[in-house]
Amino acid sequence: MSAIYLLRKFSMKSPSRLHRSLLFSKSSMDLPTKALIRPSSRSIATYPTQRLISSSSCYFGKSNWISEKARRIGVSLREFSTSVETNSGDKTFERIYVQSSLNSNSLVVERIHKDDETAIESVSRVEVKNLETLGGKVREESEAEKEAWRILEDSVVRYCGSPVGTVAANDPGDKLPLNYDQVFIRDFVPSALAFLLKGEGDIVRNFLLHTLQLQSWEKTVDCYSPGQGLMPASFKVRTVALDENTTEEVLDPDFGESAIGRVAPVDSGLWWIILLRAYGKLTGDFSLQERIDVQTGIKLIMNLCLADGFDMFPTLLVTDGSCMIDRRMGIHGHPLEIQSLFYSALRCSREMLSVNDSSKNLVRAINNRLSALSFHIREYYWVDIKKINEIYRYKTEEYSTDATNKFNIYPEQIPPWLMDWIPEQGGYLLGNLQPAHMDFRFFTLGNFWSVVSSLSTPKQNEAILNLIEAKWDDIIGNMPLKICYPALEYDDWRIITGSDPKNTPWSYHNSGSWPTLLWQFTLACMKMGRPELAEKALALAEKRLMADRWPEYYDTRSGKFIGKQSRLYQTWTVAGFLTSKLLLANPEMASLLFWEEDYELLDICVCGLSKTGRKKCSRVAAKTQILVR
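Every chain is numbered independently, its residues counted from 1 as its sequence is written. Given that this is a predicted model, residues contribute local features only at a pLDDT of at least 70 and side-chain atom pairs are listed and counted only at 80 or more, while totals for whole chains, interfaces and linings are drawn from all residues. The side-chain figures draw on all heavy atoms in the structure; neither hydrogens nor water molecules are used.

Looking at an unreviewed UniProt entry, the protein carries the name Alkaline/neutral invertase, with the source organism given as Noccaea caerulescens. UniProt positions are given in the numbering used here, feature names are shortened, and annotations may be inferred rather than shown by experiment. Recorded in UniProt for the protein, the comment headed Catalytic activity (unreviewed entry) runs: "Hydrolysis of terminal non-reducing beta-D-fructofuranoside residues in beta-D-fructofuranosides." Per UniProt, the protein has the following entry under Sequence similarities (unreviewed entry): "Belongs to the glycosyl hydrolase 100 family."

Set out below in structure tokens:
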């Protein structure tokens, strides 16, 4: 397949990037001195030689970040058989490059109108589908997309001149931003993916390295320090005075000591590992994950997660408020969101860790935990109409190693709403499971990420999307997507949330609608070959988000109203929308971000019971059920 490269003018302040770009050129000597050749999106994902180089300053130094406006001023390069003619004396330039996908080729043309005096230009992008005939459908970037990119670029936080993340929200009318002016690890993930899918890796690389450095900082609450591998929930760039005439920028992290409830962010380290893998996959720069400090960071997070404790289950035991739902909502124990991210981080770590004498025991522990965790979630968290009927007929107080009701679940726990709500052809994974307790609420992020990471089986994945389609009005409504369903009401709300005024029924974490969840939904739909569901939800969101000023969340049962305490111009709302658009436009890139079924995990049994005659492993009998579901 012929390759078409994009030529852009760059500032002379980017010598390292210029030098690197020439590696991709067949005729470097003929190029202007201010030019950069960027490979197509497919090439970015497949060129392992690409490296991001920065000078030494402010820990990792100033990255060669060029603002989007300055970087978009460019000219076109004739390479192979496809190019666009330009007039060098004209103020209008065109550039052309190829975006490859699994099913079709895409041609993207950008027209730049440059104002010589202000160096500000307007850019219109036209994507022409079906490159071979150039007679397919034409898609132009919508006004919502253009505004979303402007908001995302304005939200970028810089440290010593280099971009290191995006603020949680950038509402100019917000006089009390609280911690919304900080860079959150979980919030930055959709922003990072949007930049990576657009071909911008510098900001993500800087973010990964700076947060890695924060991992080693001292973390203390009331004279007690948590595990060494804990990642911060967020950080803020502050300017401190060294003396009367000198100031210095510092990173001020929050490990939970300032958070509501003082809860450690369990999901931060898991998201960091997931983003590290995504960076390598989408840029082709695998040198980052091979660095000694990065390898050490992965090991510290994994050692913290795999530390021995009193728990009898392979799932992670956490407190309430330790993930996206960071307030009291009754998710303490073994919430699905944490388990799906944990499973994904385990698979990422196994993929990225260099196996040697110092890591072989950790890799073995990761494999063992993956096997046990996948079995546990698939077997005990799954509910569909057949499973609910089985629970309905459970016998209790069974004292036996081969008991059917292993967790002593009382049938009376099945909520009345579930009997009529569960569809015939759908199912989902429970929100939580522990002794004598099943949380039957549908938690969106946990289920979607189980699909993306293949924590659930292929048939379970299909059933989860069938449930979404069957219960569209409940989960999607007027604004996608419910963070959980249904809401806690009346006595349940008072007892479980402690009468939290922010988590009132059908608001915020208590079944509010969060547009940022669009990108996880899109990725899950694309993995299962059902992008039309994501497109339908995205079109619904696009009708309102720009007019509503990109709210954090929506309230009411159908998501009709902007949340009563919702921040506007919420960055991960903007980034979730853009990432969904880019994933749908680049299916081959999207395929790099999810995992396929790992059948070898089902054959690994490490319990050792087969070596003794005292007990029989219950997993052998259950494995066939998992495979056929």
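From this point, the discussion proceeds with the structure in view.
### Here we look at the overall build of the protein
Summing up its helical and strand segments, the protein has 22 helices and 19 strands in all. Within the protein, contacts between residues separated by at least 24 positions form 68% of all contacts whose residues are at least 6 apart in sequence. Put simply, the protein shows about 27400 Å² of open surface, and 52% of that area lies on carbon and sulfur atoms. Strands here mean DSSP runs of E at least two residues long; helices mean DSSP runs of H or I at least four residues long; both are numbered from the N terminus. Any two residues having at least one pair of non-hydrogen atoms within 4.5 Å are treated as being in contact. Methods summary: accessible areas were calculated by the Shrake-Rupley approach with a probe of 1.4 Å, and residue burial reflects only the protein chains presented.

### With respect to the sheet that holds strand β9 (residues 183-184)
Pairing in this open sheet of three strands is antiparallel, and the strands run β9-β10-β11 from one edge to the other. Single-partner strands in this sheet number two, and they are β9 and β11 (247-254). Both β9 and strand β10 (residues 234-241) contribute to a ladder of two bridges, which runs antiparallel. Paired with F184 across the strands is S234, a residue of β10. When DSSP finds two or more bridges between a pair of strands, those strands are recorded as paired.

### Side note on the environment of L370
By the element assignment, L370 lies in helix α11 (residues 360-381). Per-residue accessibility, obtained with a 1.4 Å probe over protein chains only, is compared with the maximum for each type, and a residue is labelled buried under 20%, exposed over 50%, and partly exposed between these values. On the accessibility criterion, L370 (0% relative accessible area) is buried. Contact partners of L370, with chain neighbours within four places excluded, come to Y343, L346, R347, R350 and L601.

### Concerning the packing of helix α7 (residues 266-283) against helix α10 (residues 336-352)
Every axis in this analysis is a line fitted to C-alpha atoms, fitted for helices over the stretch in contact. Angles between the N-to-C directions lie between 0 and 180 degrees. Here α7 crosses α10 at 45°, and the two axes come no closer than 9 Å. By the angle between their axes, α7 is oblique relative to α10. Handedness of the α7/α10 crossing: left-handed. Each of V266, D267, L270, W271, I273, I274, L276, R277 and K281 in α7 lies in contact with α10, whose residues at this interface are E337, I338, L341, F342, S344, A345, C348, S349, E351 and M352. Angle categories are assigned with fixed cut-offs, so that under 35 degrees is roughly parallel, over 145 is roughly antiparallel, 65 to 115 is roughly perpendicular, and the rest are oblique. For any pair of crossing helices, the crossing counts as left-handed if the nearer helix is rotated counterclockwise from the farther one by less than a right angle, and right-handed if it is rotated clockwise.

### Looking at the side chain of Q460
Residue position: Q460 is located in helix α15 (residues 458-470). A relative accessible area of 1% means that Q460 is categorised as buried. Engagement of the side chain of Q460 in a polar contact is seen with the backbone oxygen of R378, the distance being 3.3 Å. Here a polar contact is recorded for every N or O atom pair within 3.5 Å, except that within protein the pair must consist of a potential hydrogen donor and a potential acceptor, and residues adjacent in sequence are included only if both atoms are side-chain atoms.

### Things to note about the packing of aromatic side chains
Two numbers describe a pair of aromatic rings. These are the distance of the centres and the angle of the planes. Here a Phe, Tyr or Trp ring, Trp counted by its six-membered ring, pairs with any other such ring whose centre lies within 6.5 Å, and the pair is stacked when the planes are under 30 degrees apart, edge-to-face when over 60, and tilted otherwise. According to the stated counting rule, one finds 20 aromatic pairs in the structure shown. Ring plane angle 70° and centroid distance 5.6 Å describe the contact between W417 and W421, whose orientation is recorded as edge-to-face. Of this pair, W417 and W421 both sit in helix α13 (residues 416-421), separated by four residues, roughly a single helical turn. The exposure class of W421 is buried, given its relative accessible area of 5%. Our definition puts a charge over a ring when NZ of Lys or CZ of Arg is within 6 Å of the ring centre and also within 35 degrees of the ring normal. Above the plane of the ring of W149 lies K198, whose end atom (NZ or CZ) is 3.8 Å from the centre. In this arrangement the basic side chain of R567 is found over the ring face of Y180, its NZ or CZ atom lying 4.4 Å from the centre.

### Let's talk about helix α18 (residues 518-527)
Since one α-helical turn is 3.6 residues long, residues separated by three or four positions face the same way. In terms of burial, α18 is a largely internal element, 10 of the 10 residues being buried. Of the positions making up α18, those classed as buried are L518, W519, Q520, F521, T522, L523, A524, C525, M526 and K527. Where α18 terminates, the next one or two residues include G529, which has phi positive at roughly 70°.

### Some remarks on the pairing of β10
Two elements, β10 and β11, share eight bridges in a ladder whose sense is antiparallel. Paired with F235 across the strands is P253, a residue of β11. In this structure, the hairpin formed by β10 and β11 is closed by a connection of five residues.

### Here's the deal with the environment of T396
Locating T396 in the fold gives a position in the loop between α12 (385-392) and α13. Judged by relative accessible area, T396 falls into the partly exposed class, the value being 30%. When the C-alpha positions of T396 and P411 are compared, they lie 8.7 Å apart, and in sequence the two are 15 residues distant. If sequence neighbours within four positions are ignored, T396 has contacts with N405, N408, I409, Y410 and P411.

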